[in-house]
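Examination of the molecular architecture
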Amino acid sequence: MIGLISATAAGAAARDRLAAAWPDRTRVYDGPVKDAVRSAFAECEQLVCFLATGAVVRLIAPLLGGKATDPGVVCVDEGGRFAVSLVGGHGGGANELAREVGELLAAQPVVTTATDSVGLPGLDTLGLPVEGSVAAVSRALLDGEPVALHAESAWPLPPLPLAEEGAFAVRLTDRAVEPAGNEVLLRPPSLVVGVGASKGAPVDEVLGLVEAALRDAGLSPRSIAELATVDAKSGEPGLVEAAARLGVPLVTYSAEELAGVQVPNPSDAPLAAVGTPSVAEAAALARGGELLVPKRKSQREDGRAAMATCAVVRRPARGRLAVVGLGPGARDLLTPRARAELRRAAVLVGLDQYVDQIRDLLRPGTRILESGLGAEEERARTAVAEARAGQAVALIGSGDAGVYAMASPALAEASDDIDVIGVPGVTAALAAGAVLGAPLGHDHVSISLSDLHTPWEVIERRVRAAAEADIVVTFYNPRSRGRDWQLPKALAILAGHREPTTPVGVVRNASRPDESSRLTTLAALDPAWVDMMTVVTVGNTATRNVAGRMVTPRGYRWQQSTREEDR
């Protein structure tokens, strides 16, 4: 929850805008400011104070306990010009909150955290539990001193200027070790704990068993990724509560799935109870990995039979491939999620001209693998190979990466040994539609006229089907110097089913500085206006030119009334 505090009418107005925009995230604290700040500091994860920074500093100073526990505090001036990340920039999320508040209130976010200022990811913002000398190692990175990376397993990290040797170190490990003086430990979520339980197994017995198993194997509980069990135990209170206390999900598998997993210690008891000879070991091994702790049972002080079992597996390191849509080209149409993925990637793969569009958004040290037109499949293979090597990879494409772009070849190449994240983007059809008006207001279809990958016979059949179905059509890749006959052929097919006056929109370089557009008709369209940077949208029988805008109604009543007027 975000606590909102203000002292003046101007501050209250900005506060109320934030509260209205985030009704489920915020709570307004009224009354004397000192009391409001004290209450919010104790009750909320973050605070936004619409007060002078000096006043906020004096108010929160007696309340500060430590960067690991203090809420993030953002200060907004009375004029709403600046959103200052004051306390808890990383741990409390104040840096990101300042950016969000700034975007909502049209205020300039002010972030002074050293790593953010120079484009380095903070060691405590990598999404992994962190231990050790974060401040000292971060300072060494900022000063350009060699910081060694000791990775006991490959895990996708953002770009960091790490070396093979150095007086300071970052160690990626799931082992229960203490950090050295100039060392930071990062805990990857590499351990899967399979658990079985009798009905009514106490949560303390389950947790005690898990903690003892990890302790005896020299493993850190901070690297637990999930508890896993059989479907029949998905609602067992002891398991549900154990997962909640550990802060990890409880993942379940069917008895049939678990019965197919080879395990070293099968048993007749779970077979009779839930239909599989193994629960703990099979659930831990369901997605593969190395069995570190074979099945073991809990020990009860009262001497009664054990009610819980567990096994521990180190799952294979999984690389991360984000397939990112950059939108049609305008920077303000690049989504915040896309920006975040670009900054998270240690390796960027893309067409050279698309790389140039977003090069300034990449963190220092990002490895860039760029190539020219025609190398789409090669780029897809390269991106997947880098992810399989344990890297955090971003594969970029224009518009939406899933529409005539890189998602399809990449996912055809990828298997289930890597994590794949799709990041949607604004497509060329949508960008062009916004320029033209509302041509896609009813059913519509996109068809590429390039026969480099699809036989023309297939393309023609699809155009004919769209024509007969009276669907608005957006043509991608409509015409190039080597392909100048496909567009006239497609238009002729549509003309067999639509009036010559049917509106047609032609948009070149939608959303870019040299954008151009024209609204014409099916009969008047000159294919010479069109090239590979152009999108052509042909309306259906209901589409109209309204005040110079191309509009397709959501229903057919408009079309019927127009026909009645024509009579």
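Note: the structure precedes this text.
The following paragraphs examine the structure supplied in this document. Since we're looking at a predicted model, the values are computed, not measured.

Rules used throughout
- Residues numbered from 1 in each chain as written.
- Predicted model: local features only at pLDDT ≥ 70, side-chain atom pairs only at ≥ 80, totals over all residues.
- Heavy atoms only, no water.
- Helix = DSSP H or I, 4+ residues; strand = E, 2+ residues; numbered from the N terminus.
- Contact = heavy atoms within 4.5 Å.
- Lys, Arg positive; Asp, Glu negative; His and termini not counted.
- Charge placed at Lys NZ, Arg CZ, Asp CG, Glu CD.
- Pairing = 2+ DSSP bridges.
- Axes fitted to C-alpha atoms, helices over the stretch in contact; angles between N-to-C directions.
- Core = buried A, V, L, I, M, F, W, Y, C linked by side-chain atoms within 4.5 Å.
- Buried < 20%, exposed > 50% of the residue type's maximum accessible area, 1.4 Å probe, protein only.
- Parallel < 35°, antiparallel > 145°, perpendicular 65-115°, else oblique.
- Left-handed = near helix turned anticlockwise from the far one by under 90°.
- Nonpolar A, V, L, I, M, F, W, Y, C, P; charged D, E, K, R; others polar.
- Phe/Tyr/Trp six-rings, centres within 6.5 Å; stacked < 30°, edge-to-face > 60°.
- Lys NZ or Arg CZ within 6 Å of the ring centre and 35° of its normal.
- Expected span 1.5 Å × (residues − 1).
- Salt bridge = Lys/Arg side-chain N within 4 Å of Asp/Glu carboxyl O.
- Disulfide = S-S within 2.5 Å.
- Arc of directions from axis to C-beta.
- Polar contact = N/O pair within 3.5 Å; in protein donor to acceptor, adjacent residues only side chain to side chain.

Side note on the overall build of the chain
Regarding its fold elements, the chain presents 19 helices and 28 strands. Projected onto the principal axes, the alpha-carbon positions of the chain cover approximately 90 × 65 × 55 Å. Within the chain, contacts between residues at least 6 apart in sequence are counted, and of these 64% link residues at least 24 apart. Side chains of the chain carry 57 positive and 68 negative charges; the gap between the two charge centres is 2 Å.

Side note on the sheet that holds strand β25 (residues 516-521)
Sheet architecture is open: five strands sit in the order β22-β23-β26-β24-β25, paired in mixed fashion. Bordering the open sheet on either side are β22 (444-448) and β25, each of which pairs with just one other strand. With direction set aside, neighbouring strand axes in the sheet form an average angle of 20°. Where β22 lies against strand β23 (residues 472-476), five bridges are found, and the strand directions are parallel. In the strand pairing of β23, I447 is matched with F475. Along the sheet, helix α16 (residues 428-436) makes contact with β22, β23, β24 (503-508), β25 and β26 (534-538), crossing β24 at roughly 115°.

Some words on the nonpolar core
Inside soluble globular proteins, nonpolar side chains tend to come together where they are buried. In this structure, V193, V195, L214, L227 and V312 are the most contacted members of the largest nonpolar core, which totals 24 residues. Of all the secondary structure elements, the ones that give two or more residues to this core are β11 (191-197), α7 (203-217), β12 (224-230), α8 (237-246) and β15 (308-314). The element best represented in this core is α7, accounting for seven residues. When sequence neighbours within four positions are dropped, the list of residues in contact with L214 reads L191, L219, P221, I224 and V312.

Some thoughts on the pairing of β11
Burial runs high along β11: seven of the seven residues are buried. Side chains L191, V193, V195 and A197 project from β11 onto one buried face, and the interleaved V192, G194 and G196 project onto a second face that is buried too. For β11 and β12, the ladder comprises four bridges, and the chain directions are parallel. From the neighbouring strand, G194 faces β12, where its bridge partner is A228.

Re the sheet that holds strand β27 (residues 544-546)
Spatially, β21-β28-β27 is the arrangement adopted by the three strands of the open sheet, whose pairing is mixed. Pairing within the sheet leaves two strands with one partner each, and these edge strands are β21 (437-438) and β27. Direction of pairing for β27 relative to strand β28 (residues 549-551): antiparallel, over a ladder of three bridges. Residue N545 lies in a different strand from β28, and its bridge partner there is M550.

Thoughts on the packing of α7 against α8
Running from amino to carboxyl end, α7 crosses α8 at an angle of 55°, the nearest separation of the two axes being 8 Å. What the angle tells us is that α7 and α8 run oblique. At the point where α7 passes α8, the crossing takes the right-handed sense. Contacts from V203, D204, V206 and L207 in α7 reach G238, L239, E241, A242, R245 and L246 in α8. Of the residues contributing to the contact of α7 with α8, the split by class is six nonpolar, one polar and three charged.

Let's talk about the packing of aromatic side chains
Under the criterion given, the structure shown has two aromatic pairs. Between the NZ or CZ atom of R25 and the centre of the ring of W22, over which it lies, the distance is 4.3 Å. Lying across the ring of W529, R518 places its NZ or CZ 3.9 Å from the centre.

Digging into helix α17 (residues 456-468)
Each turn of an α-helix holds 3.6 residues, which means side chains three or four residues apart point in the same direction. Under the 1.5 Å per step criterion, the end-to-end length of α17 is 18 Å for 13 residues, consistent within 8% with the ideal 18 Å. When α17 is considered as a whole, its buried residues turn out to be W456, V458, I459, E460, V463, A466 and A467. Downstream of α17 by a residue or two, D470 has a phi angle that is positive, lying close to 60°.

Considerations on the environment of G66
Looking at the secondary structure, you find G66 in the loop between α3 (53-60) and β4 (72-76). Overall, G66 belongs to the partly exposed group, its relative accessible area being 25%. C-alpha of G66 to C-alpha of G88: the two residues are 22 residues apart in sequence and 9.2 Å apart in space.

Brief notes about unusual backbone geometry
A negative phi angle characterises most non-glycine residues, just as the trans form characterises most peptide bonds. Here D470, not a glycine, exhibits a phi torsion of approximately 60°, which is positive. For D470, a relative accessible area of 16% translates into the label buried.

Thoughts on the pattern of salt bridges
Within this structure, the stated rule accounts for 26 salt bridges. For D77, the salt bridge goes to R81, with nearest N and O atoms at 3.3 Å. A salt bridge links R359 to E370; its shortest N-O distance comes to 3.5 Å. Taken as a pair, R359 in the loop between α13 (352-358) and β18 (367-371) and E370 in strand β18 lie far apart in primary sequence, 11 residues in all. Residue R359 is classed as partly exposed on the basis of its relative accessible area of 35%. Put simply, E152, R171, R175 and E183 are held in one network by salt bridges that share partners.

What about the state of the cysteines?
Evaluated as defined, the whole model comprises zero disulfides. In this structure C44 is not part of a disulfide, and its nearest cysteine sulfur, from C49, lies 10 Å away.

Structural notes on helix α4 (residues 94-105)
The end-to-end C-alpha distance of α4, which contains 12 residues, comes to 16 Å, matching closely the 16 Å that a straight helix rising 1.5 Å per residue would cover. Among all positions of α4, only A94, N95, L97, A98, V101, G102 and L105 are buried. Along the axis of α4, the buried positions cluster into a sector of 160°, meaning they face one direction only. Among the residues trailing α4, A106 stands out with phi positive, at a value near 60°.

With respect to the environment of E78
Considering the arrangement of structural elements, one finds E78 in the loop between β4 and β5 (82-87). Note on E78: relative accessible area 36%, which makes it partly exposed. Along the chain, E78 and A10 lie 68 residues apart, while their C-alpha atoms are 6.1 Å from each other. Filtering out sequence-adjacent residues up to four positions away, E78 remains in contact with T8, A10, G11, F50 and L51. Side-chain polar atoms of E78 contact the side chain of T8, separated by 2.4 Å.

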